Amino acid sequence: MAQFTNQAQLSYNNSVTNSNIAVGEILEVLSAKKTAVRTSYEQNGTVTYVISMVNSGTTPLNGLTITDNLGEYSSHCGPLTPLTYVPDAILYYVNGKIQNTPTVTADPFTVTGINIPAGGSAVIVYEVKVNQYAPLGVKDRIVNRATISGDCITPVNVSETIKTTDAPLLSITKSISPIPVAENGRLTYTFVISNTGNTAVEECDLATVTDTFDPKLSDLTVTFNGTAWTSPTKYTYNENTGEFATVAGKITVPAATYKQNKKTGAWSVTPGTATLVVTGTV
């Protein structure tokens, strides 16, 4: 509800007198809310936003426009935009029924041609990708703001805040050497675990690496980050089946580190890594 004031002036015989200040209110008929389907984000991930609009008036609202800042924030490099609209990833509903795709402009991100019937509702659903300008540290966030505007309405501002996924984000690669290996020769498997998340993997996370070696190995030696491991305190191995497993909680991986380019503002990620090496006789 928007309040306004008005005052009149009366002039007569070179005299001027002012009226009282009348106070009025305009009942805003358009209300809106913006939500993220998932309220956390990670590097190169996607986020789906939903803007819900309700027209409580008795007149249709036609030709509305949504302008979205895609999380723009200020930095020492100037304004940076951490989200990128995914082309064609938009849905438009009126009173719960799907409509033809509205007109979308990517830069700046605008959606035009939105119509809301009297006493009705409209919903816009769209997807964005987290780009290289998104901060990724613990407790970092993106505040995404949008404005809904049109003739004969007071612009409505909506916003939603999403936070970093403060958790490990692991991947693992496996390599073999030598290639080829002679019969009864020594074969080495190297497992490199990478963490692009902003949180380290600790013993309490109970991470494990399991594998079934084929061909089976015998006379195993195992190291983790260059330190020798012994069985069964650090790992277990069944020579009859080839089944190998680290003891839960013995795998730890440091968090990634993030650095922002002073010129471009783009963030780079250096994963935290851990290396498990298993060698045995074929």
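What you see is a predicted model; the values in this text were computed from it and never measured.

The rules behind the values
- Residues numbered from 1 in each chain as written.
- Predicted model: local features only at pLDDT ≥ 70, side-chain atom pairs only at ≥ 80, totals over all residues.
- Heavy atoms only, no water.
- Helix = DSSP H or I, 4+ residues; strand = E, 2+ residues; numbered from the N terminus.
- Rg over C-alpha atoms; globule rule 2.2 N^0.38 Å.
- Buried < 20%, exposed > 50% of the residue type's maximum accessible area, 1.4 Å probe, protein only.
- Contact = heavy atoms within 4.5 Å.
- Salt bridge = Lys/Arg side-chain N within 4 Å of Asp/Glu carboxyl O.
- Core = buried A, V, L, I, M, F, W, Y, C linked by side-chain atoms within 4.5 Å.
- Pairing = 2+ DSSP bridges.
- Polar contact = N/O pair within 3.5 Å; in protein donor to acceptor, adjacent residues only side chain to side chain.
- Phe/Tyr/Trp six-rings, centres within 6.5 Å; stacked < 30°, edge-to-face > 60°.
- Lys NZ or Arg CZ within 6 Å of the ring centre and 35° of its normal.

Draft legend 1. Broad picture of the overall build of the protein. For the protein, the count of helices and strands is zero helices and 25 strands. Taken over the C-alpha trace, the protein has a radius of gyration of 30 Å; the compact-globule value for 282 residues is 19 Å, which it surpasses by more than 25%. By its C-alpha atoms, the protein is 115 × 45 × 35 Å across when sized along the principal axes. Taking all 282 residues of the protein together, the buried fraction comes to 34%. For the protein, long-range pairs separated by at least 24 residues make up 66% of all intrachain contacts whose partners lie at least 6 apart in sequence.

Draft legend 2. A look at the pattern of salt bridges. Scanning the entire structure with this criterion turns up four salt bridges. Asp211 serves as the salt-bridge partner of Lys174, at 2.4 Å between the closest nitrogen and oxygen. With Lys174 in strand β16 (residues 170-177) and Asp211 in strand β18 (residues 210-212), this pair connects stretches of sequence that are 37 residues apart. A salt bridge links Arg186 to Asp219; its shortest N-O distance comes to 3.6 Å. Here the residue Arg186 occupies a position in strand β17 (residues 186-195), and Asp219 occupies one in strand β19 (residues 218-224), the gap between them amounting to 33 residues. A relative accessible area of 33% places Arg186 in the partly exposed class. Owing to a relative accessible area of 52%, Asp219 belongs among the exposed residues under this scheme.

Draft legend 3. Up close: the environment of Ala118. Here Ala118 is to be found in the loop between β12 (109-116) and β13 (121-130). Classification of Ala118 as partly exposed rests on a relative accessible area of 35%. Taking the C-alpha atoms as reference, Ala118 lies 50 Å from Leu170; in sequence the two are 52 residues apart. Apart from residues no more than four positions distant in its own chain, Ala118 is found in contact with Asn55, Gly57, Thr58, Thr59 and Pro60.

Draft legend 4. Geometry of the nonpolar core. By size, the foremost hydrophobic cluster in this structure holds 34 residues, and its most contacted members are Leu30, Met53, Ile66, Ile114, Ile124 and Tyr126. When contributions to this core are tallied by element, the ones reaching two or more residues are β3 (30-36), β5 (46-55), β6 (61-68), β9 (83-94), β12, β13, β14 (141-149) and β15 (156-164). Residues contacting Leu30, with those up to four places away along its chain left out, are Met53, Val54, Leu61, Leu64, Ile116, Ile148, Ile153 and Val156. In this structure, Ala207, Leu220, Ile251 and Leu276 belong to the second largest nonpolar core, which totals 21 residues.

Draft legend 5. Main features of the pairing of β12. Bridging between β6 and β12 involves six bridges; their strand directions are antiparallel. What sits directly across from Thr67, in β12, is Thr110. The pairing of strand β11 (residues 103-105) with β12 spans three bridges and is classified as antiparallel. Within the sheet, the bridge partner assigned to Thr105 lies in β12 and is Thr110. Counting the residues in the hairpin turn of β11 and β12 gives three residues.

Draft legend 6. Just the side chain of Thr164, in detail. Inspection of the secondary structure assignment puts Thr164 in strand β15. Among the residues examined, Thr164 registers a relative accessible area of 6% and is labelled buried. Among the polar contacts listed, one links the side chain of Thr164 to the backbone oxygen of Gly137, at a separation of 3.1 Å. There is a polar contact of 3.5 Å between the side chain of Thr164 and the backbone nitrogen of Lys139. Beyond its immediate sequence surroundings of up to four residues, Thr164 is in contact with Ser40, Tyr41, Pro135, Leu136, Gly137, Val138, Lys139, Asp140 and Asn198.

Draft legend 7. Structural detail: the sheet that holds β11. Pairing is mixed across the open sheet formed by six strands, whose spatial order is β4-β15-β14-β6-β12-β11. Of all strands in the sheet, those with a lone pairing partner are β4 (40-41) and β11, marking the two edges.

Draft legend 8. A look at the packing of aromatic side chains. Within this structure, the stated rule accounts for eight aromatic pairs. Ring pairing ties together the aromatic residues Tyr189, Phe213, Tyr235, Tyr237 and Phe244, which thus form one cluster. The residue whose ring lies beneath Lys34 is Tyr49, and the NZ or CZ to ring-centre distance is 4.6 Å. The aromatic ring of Tyr189 is capped on one face by Lys174, whose charged end is 4.4 Å from the ring centroid.

Draft legend 9. Main features of the sheet that holds β9. Strand order in this open sheet of five strands is β3-β5-β13-β9-β10, and the pairing throughout is antiparallel. At either end of the open sheet lies a strand with only one pairing partner, and these are β3 and β10 (97-98). Judged from the eight bridges that link them, β9 and β13 form a sheet pairing that is antiparallel. Its bridge partner lying in β13, Thr84 is registered against Lys129.

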